Amino acid sequence: MPRIETEHLAKLAEYPFVVVSWVDDAGYPMSVATEFRADTSGGTVVLEAPAGEALAIPTDRAVNVLGSHIRPTPGQGYDERRYLQLWGTVGPAADGSVVFTPTSAWGWDESEIPFFEYSERSVPQSRRYLAALSEEKGRTIRPRLSLGWLFLRTTRLPFLSATFVPVLLGIAVAARNGSFDVWLALATVIGGAFAHLAINVTNDIFDTLSGADEANVNPTQFSGGSRVLIYDLVTLRQLVALAIGLFGGAAAIGLLLVWATGSAVLLWIGVAGIAVGIAYTAPPLKLVYRGLGEIAVAIGFGPIMLLGAYVVQTGTLSWEAALVSVPVAILVALILYVNEIPDRVGDAAAGKRTLPVQLPQNVVTGAYLAAAVLAFATVVGGVIGNLLPAPTLLALLAAPLAWRVYGGIRQFYTQPYALMSFMGINVNLHLYVGGLLLVGYLVAIVIGLLT
Amino acid sequence: MGWLPAPVERLLDAALVGELTVIGRDGRPITHPLIPLYDGERIYMHSSTLFSRKLEHIKRDPHVSISLTDPVALGGLSDRATIQGTARIIEDDPHSQWERLILDLWRKKEPVIDAFLKMRVALPLFFERAVIEITPKRCLLWENGDTRREPVESVAPGQEAA
């Protein structure tokens, strides 16, 4: 518990009144509100003595003085939460007041430590408490979530858009070139989803074991991992079993597709995808620890997914599919890149040399803008070079989102929770560009059918 | 039913924040701002396992006090009260037992809780909770909140001779 400093008394002075507490002779805490004056130079607090014999503040035992503020906001909960409590002893003063001399302090102010960070920092206490409770009750008591929510959280299911975008685009490019099999397309989407979820779970296992996720006390819905192991919602054994099951599903569907298409290229693409996904956090390569995480994600959720889906339909590779994968690859890497900004302290502590860990703030923000511009320029260049159909220029409609994210990063680089909404816009940027490219291809297919 | 004076019951029904004081391991008082709930007989407070030190303190020493002091958190009521009592921790199933015991009382006072509960997946440990059930023994009431004047004291039936 921190020793008293002038700062504590200055903070206490901001509260309109205090609650004074002590343990009375019957062994019960007694607490009473009273007026006060903080003497910051003297290191004391002058308390107005409450009336009544029962409320005489004792001078022979510890006394607690609390200042508390909270603003109820109907329909939303509370905000401006802060409290500060001091411990010390009292002595008499003139005019019916008592002088409180504090010796230690404790408090919380959500403007200094946001509630979510305060909660994260308290996770070890929750684990200790539940472990002791389990011992006391003679049965294991653990936190729980319903199976559906647990699966969503464990696999980070909403991030599947990172798979759907390249896979559907690969299928669309193939369809425009005259190859489309609905069952193969469906199997590709499902197989890609299995692989993605398996990789998510695997990364979580290694990030938890390395301490990277635990060192991060500012997780958001987009960053910091699923935390299901840290929260003790699942065991390591369960998580490994889930990863094996998902990889098994991905491998089974992948092999089925290789058998159906007879394509050796597809086999190699699949193997490369799984290898990159695992090597992302797993030893010995641990790509993300070596500053290669962004490139690994770009390759895995760009060309590998998109070309893989294209090859399933056509049996061959194509420059057009490779080019379409470039903006998708850049934008998916930018999702990771922006999500790494609030994680950078925890990542650095765990030895993960992500780009935001390695680069200064101005370079990180500037590189975001440059990469986003490159993504859109690739589409424009592809259309000018006649490699992409003109309707794919629809993707440019999403460009303002990139500008908004850039502004958000510049403004809230050091504020994880303020940055969160821009992380969401950044996820949407990838989704919308992918969706608009897809619409562009569908328009081109329809035009092709009509002409 | 309960014995607390009507003005104190009004404070308990209105309070969005009260100060729970418990006795720490070293015998010192520790105070926690919490939302009090009242069923007409007992007072209920609750705590996430994240912030569960207070539960450990209560299990070691069940003597507690609750003060209702802040007009902002009391819906503008200006009276103040302090209630001393004994507490019991209800923690057989931190996942859902509290919902069965106190969710209706909590919802009545703070309807927004349903919206937060729907987002349980986002902060699962926050909703792993234990209930602090407090049986009032003694009560002090300051009408108009002026603690420079002596409070009106009430005690639970059967406590007078104690």
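Values in this document were obtained by computation on a predicted structure and should not be read as measured data.

### With respect to the overall build of chain A
Scanning chain A from terminus to terminus reveals 15 helices and 7 strands. For chain A, the spread of C-alpha atoms along the principal axes amounts to about 95 × 50 × 40 Å. Classification of the 451 residues of chain A by burial places 46% in the buried group. The long-range fraction of contacts in chain A, counting pairs at least 24 apart against all pairs at least 6 apart in sequence, stands at 69%.

### Digging into the interface of chain A and chain B
Contact residues are listed per partner, giving 46 residues for chain A and 43 residues for chain B. Of all the secondary structure elements, the ones that give two or more residues to the side of chain A that touches chain B are β1 (18–23), β2 (29–34), β5 (63–73), β6 (77–92), α3 (123–137) and α4 (147–155) of chain A. Of the residues contributing to the side of chain A that touches chain B, the split by class is 27 nonpolar, 16 polar and 3 charged.

### Re the nonpolar core
In terms of nonpolar packing, the biggest core is built from 95 residues, with A:L169, A:A198 and A:V332 touching the most fellow members. A per-element tally of this core places helix α11 (residues 319–349) of chain A first, with 15 residues.

### A closer look at the environment of B:G24
Residue and element names in this part refer to chain B. Relative to the helices and strands, G24 is located in the loop between β1 (18–23) and β2 (29–34). For G24, a count of 18 C-beta atoms within 10 Å gives the class partly exposed. The sequence separation of G24 and A81 amounts to 57 residues, and the corresponding C-alpha distance is 22 Å. Those residues within four positions of G24 in sequence are excluded, and the remaining contacts are I30 and H57.

### Description of the confidence of the model for chain B
Per-residue confidence for chain B gives a mean pLDDT of 94, with 98% of residues at or over 70. At the level of chain-chain contacts, confidence expressed as ipTM amounts to 0.95, with global pTM at 0.87.

### Considering helix α6 (residues 182–210) of chain A
Across its 29 residues, α6(A) extends 42 Å between first and last C-alpha, which sits within 8% of the 42 Å expected from 1.5 Å per residue. Looking at the residues trailing α6(A), positive phi occurs at A:G211, about 90 degrees.

Definitions and limits used
- Residues numbered from 1 in each chain as written.
- Chains lettered and ligands numbered in written order.
- Predicted model: local features only at pLDDT ≥ 70, side-chain atom pairs only at ≥ 80, totals over all residues.
- Helix = DSSP H or I, 4+ residues; strand = E, 2+ residues; numbered from the N terminus.
- Buried ≥ 20, exposed ≤ 12 C-beta atoms within 10 Å, placed from the backbone.
- Contact = placed C-beta atoms within 7 Å.
- Nonpolar A, V, L, I, M, F, W, Y, C, P; charged D, E, K, R; others polar.
- Core = buried A, V, L, I, M, F, W, Y, C linked by C-beta atoms within 7 Å.
- pLDDT = per-residue confidence, 0-100.
- Expected span 1.5 Å × (residues − 1).

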